[in-house]
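Inside the fold
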Amino acid sequence: MRPVPRDDEILRGRGGYCFHLNGAFAALLTALGCDVTLHRAGVQDEVEDPEGPGGDHLALTVGLDGERWLVDTGLAGGMYEPLPLREGAYTQGPFTYGMAPSVVVPGGWRFTHDPRGAFTAMVFAPEPVELSSFTAQHHRLSTSPESGFVRVLQAQLRDAKGVDMLRGCVLRRIDAEGTYERTIDSADDWYDVLADVFHLNLTDVDVAARAELWNRVHGAHQEWEAAGQRATTL
């Protein structure tokens, strides 16, 4: 299984997670003559994992005018513009991010998400790696029943003013005005959201496959709601 999808999938507007998005972006930047480095990274909690980044994330840096920049397009609802590898706080739209040297990985860096973000932090090691080094993690994340990418359909898109997030049937918008959330309860509405909000036009998918996907997503959402209701009655 390859960490990066075929070029035609990217050109057709298909999404993906970090291995797909940053893998393709690295290929584009390299073709444009940029000084690109791939890094072994990992999403972490408040306290840095003493073992360092686990490789469940691919991070990218680019060298420009004597300085390196984090140019990650695969962080869930993360940064909108590149961040310099300089310690400090950086505000982009309604979100503020932190950048600091890792306290665990010599020469590594730690990106801290805004408190309203989808995760806490991401740490990456300084050494360059090949895309092929992520193959095992890519296989695990895309096939394991324990993987969040397998258990819940997710789409996230950052813009200059905020972020849109779709988890299953729940659409959420976070921006300077606050957080707006609604549940989508029809297949037509759901596919319209994918196309209009996330630019994922799935009209090339046949009717039967579209129905199957919606039924899986909606069924999982109903199970989640039922579990929540049971929990409140205990």
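So, here's what we can say about the structure. Note on numbering: residues in each chain are counted from 1, in written sequence order. With pLDDT at 70 or above as the cut-off, local features in this predicted model cover only qualifying residues; side-chain atom pairs require 80 or more to be listed or tallied, and sums for whole chains, interfaces and linings still use all residues. Computation of side-chain values: all heavy atoms of the structure, hydrogens and water removed.

**Examining the overall build of the chain**
- Each helix is a run of DSSP H or I of at least 4 residues and each strand a run of E of at least 2, with the numbering of both proceeding from the N terminus. The helix and strand tally for the chain stands at six helices and 12 strands.
- Relative to the 2.2 N^0.38 estimate, which gives 17 Å for 234 residues, the radius of gyration of the chain is 19 Å and therefore close to what a compact globule would have.
- Oriented by its inertia axes, the alpha-carbon framework of the chain measures out at about 50 × 45 × 35 Å.
- Only protein chains enter the area calculation, which uses a 1.4 Å probe; residues under 20% of their type maximum are buried, those over 50% are exposed, and those in between are partly exposed. The buried share of the chain, taken over its 234 residues, is 39%.
- Considering only intrachain contacts with a sequence separation of at least 6, the fraction spanning at least 24 residues in the chain is 48%.
- Accessible surface computed for the chain: about 13100 Å², of which carbon and sulfur atoms make up 54%.
- Charged side chains in the chain number 20 positive and 34 negative. The centres of these two groups are separated by 2 Å. Values of the radius of gyration come from C-alpha atoms, whereas the globule rule sets the reference at 2.2 Å times the count of residues to the power 0.38. The contact definition used throughout considers only heavy atoms, calling two residues in contact when any of these lie within 4.5 Å. Working definition of accessibility: Shrake-Rupley area with a 1.4 Å probe, residue cover restricted to the visible protein chains. Only four residue types enter the tally: Lys and Arg on the positive side, Asp and Glu on the negative side, with His and both chain ends excluded. The atoms used to mark charge sites are NZ of Lys, CZ of Arg, CG of Asp and CD of Glu.

**Examining the pattern of salt bridges**
- Any carboxyl oxygen of Asp or Glu that lies within 4 Å of a side-chain nitrogen of Lys or Arg is treated as forming a salt bridge with it. With the rule as written, the count across this model stands at six salt bridges.
- D35 is the salt-bridge partner of R68, the closest N and O atoms lying 3.0 Å from each other. Taken together, the residues span a long stretch of sequence, with R68 in strand β3 (residues 67-70) and D35 in strand β1 (residues 35-44) at a distance of 33 residues.
- For R68, a relative accessible area of 27% translates into the label partly exposed.
- The shortest N-O distance in the salt bridge between R172 and E181 comes to 2.6 Å.
- On the basis of relative accessible area, R172 is assigned to the partly exposed category, the value being 32%.
- E181 sits in the partly exposed class, given a relative accessible area of 44%.

**Observations concerning the sheet that holds strand β10 (residues 162-167)**
- Two strands are counted as paired when DSSP detects at least two bridges linking them. Taken in spatial order, the four strands make up an open sheet running β9-β10-β11-β12, and their pairing is antiparallel. Since the sheet does not close on itself, it has two edges, and those belong to β9 (154-159) and β12 (178-183), each with one partner. Here the strands of the sheet are splayed against their neighbours by 10 degrees on average, with no regard to which way each runs.
- Relative to strand β11 (residues 170-175), β10 runs antiparallel, the two being bridged by six bridges. Within β11, the position partnered with R167 by the bridge is V170. What counts as an axis is a line fitted to C-alpha atoms, over the stretch in contact for a helix, and the angles between N-to-C directions run from 0 to 180 degrees.

**A closer look at helix α3 (residues 135-143)**
- The complete set of buried residues in α3 reads Q137, H138 and L141. Buried residues of α3, seen end-on, are gathered within an arc of 100 degrees and therefore sit on one face of the element. It is the directions from the helix axis to the C-beta atoms whose arc is reported.

**Some remarks on the nonpolar core**
- The set of buried Ala, Val, Leu, Ile, Met, Phe, Trp, Tyr and Cys residues whose side-chain atoms join them within 4.5 Å is what this entry labels a nonpolar core. Formed by 19 residues in total, the largest nonpolar core has its most connected members in L70, M79, L83, M99, F111, M122 and F124.
- Per-element tally for this core: the top contributor is strand β6 (residues 95-101), with three residues.
- For M99, the residues in contact, after removing those within four places along its chain, are L70, L83, P84, L85, R86, E87, G88, Y90, W109, R110 and F111.

**A short note on the side chain of D175**
- By the element assignment, D175 lies in strand β11.
- Assessed through its relative accessible area of 17%, D175 is described here as buried.
- We call two N or O atoms a polar contact when they sit within 3.5 Å, provided that within protein one can donate a hydrogen and the other can accept it, with sequence-adjacent residues counted only if both atoms are side-chain atoms. Within the structure, D175 has its side chain in polar contact with the backbone nitrogen of E177 (distance 2.9 Å).

**So, the environment of V47**
- Note on placement: V47 falls in the loop between β1 and β2 (57-64).
- Sequence separation between V47 and V103 is 56 residues; the distance between their C-alpha atoms is 9.8 Å.

**Describing the environment of S186**
- Mapped onto the secondary structure, S186 falls in the loop between β12 and α5 (187-196).
- On a C-alpha basis, the gap between S186 and W214 in space is 8.6 Å, while along the polypeptide they are 28 residues apart.

**Some details on the sheet that holds β1**
- Taken together, the eight strands give an open sheet; going across it, the order is β4-β3-β2-β1-β8-β7-β6-β5, and neighbouring strands pair in antiparallel fashion. Edge positions in the sheet fall to β4 (83-84) and β5 (88-92), since each has one partner strand and no second.
- Bridge count between β6 and strand β7 (residues 109-112): four bridges; the pairing is antiparallel. In the strand pairing of β7, G98 is matched with T112.
- Its contacts with the sheet put helix α2 (residues 18-31) on β1 and β2, and the angle it makes with β2 is roughly 25 degrees.

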